[in-house]
Amino acid sequence: MKLVSYLSLLVCLTVFVVGCGGASDAPVTYPVSGNVTLDGEPLPAGDIIFRDAAGQAASAAGKVENGAYSFRATAGQKSVVITATKEIPGKTVVGGAPDEPPVPAVEQYLPAEYNEQTTLKADVSDSGANEFNFELRSKE
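The shown structure was predicted, so the numbers you read here are calculated from the model rather than taken from an experiment.

Q: What am I meant to see in the overall build of the chain here?
A: A tally of regular secondary structure across the chain gives one helix and ten strands. The order of α-helices and β-strands along the chain, N terminus first, is α-β-β-β-β-β-β-β-β-β-β. For the chain, buried positions account for 28% of its 140 residues. Pairs at least 24 apart in sequence give 63% of the contacts found in the chain among residues at least 6 apart.

Put into structure tokens, the structure is as follows:
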């Protein structure tokens, strides 16, 4: 009976060790970082998305805070989308639920060439710094 108990314990431990240390299906990601400026000044706040140019890998995203961003992305050529919104003074929109009060309306203030019709690119490498700086200009 003791032999059966020991064998059962050994099997359980083997399953536990093998089950917890197996290979992950998650894609390999690399740190990316940089700065975003608008007309020479750090972008106060916004969002940045690295989309796989070939459409094969998942997108990666992060926040831009005081012009700086940092997150992880898969290697390869990326199409970069940068968005930033601001409140429209005196304008509101209906809240999420019918009984919620109106909330301030916001608008995208970066030109479409940086978001909806982006022309920005980055090539994330599996080696190297992966630092990408973006100097944006408002419409003139």
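Q: Honestly, the pattern of salt bridges in this entry has me stumped. Any pointers?
A: Opposite charge on two side chains permits pairing when their charged atoms draw close. In the structure shown here, the tally under the stated rule is two salt bridges. When the shortest N-O distance is used, the salt bridge between D47 and K63 registers 2.8 Å. You can see D47 sitting in strand 3 (residues 45-52) and its partner K63 sitting in strand 4 (residues 60-65), a full 16 residues away along the chain. Judged by its relative accessible area of 29%, D47 falls in the partly exposed class.

Q: What is the right way to read the side chain of D52 from this model?
A: Within the secondary structure, D52 sits in strand 3. Looking at D52, its side chain comes within polar contact range of the main-chain nitrogen of Q56, at 2.7 Å. In this structure D52 touches A57, Q77 and K78, once residues within four positions along its chain are discounted.

Q: It is not clear to me how the nonpolar core should be interpreted in this structure. Could you clarify?
A: Nonpolar side chains in soluble globular proteins generally cluster together in the buried interior. In this structure, I48, F50, Y69, I82, F134 and L136 are the most contacted members of the largest nonpolar core, which totals 22 residues. Other than its neighbours up to four places away in sequence, I48 contacts A60, A61, G62, V64, Y69, F71, V80, V81, I82 and F134.

Q: Even after reading the chapter, I still don't get the environment of S125, so can you show me in this structure?
A: By the element assignment, S125 lies in the loop between strand 9 (120-124) and strand 10 (134-136). Apart from residues lying up to four places away in sequence, S125 is in contact with Y30, A75 and N130. From its side chain, S125 meets the backbone oxygen of S127 in a polar contact 2.4 Å long.

About the criteria used
Residues numbered from 1 in each chain as written. Predicted model: local features only at pLDDT ≥ 70, side-chain atom pairs only at ≥ 80, totals over all residues. Heavy atoms only, no water. Helix = DSSP H or I, 4+ residues; strand = E, 2+ residues; numbered from the N terminus. Buried < 20%, exposed > 50% of the residue type's maximum accessible area, 1.4 Å probe, protein only. Contact = heavy atoms within 4.5 Å. Salt bridge = Lys/Arg side-chain N within 4 Å of Asp/Glu carboxyl O. Polar contact = N/O pair within 3.5 Å; in protein donor to acceptor, adjacent residues only side chain to side chain. Core = buried A, V, L, I, M, F, W, Y, C linked by side-chain atoms within 4.5 Å.

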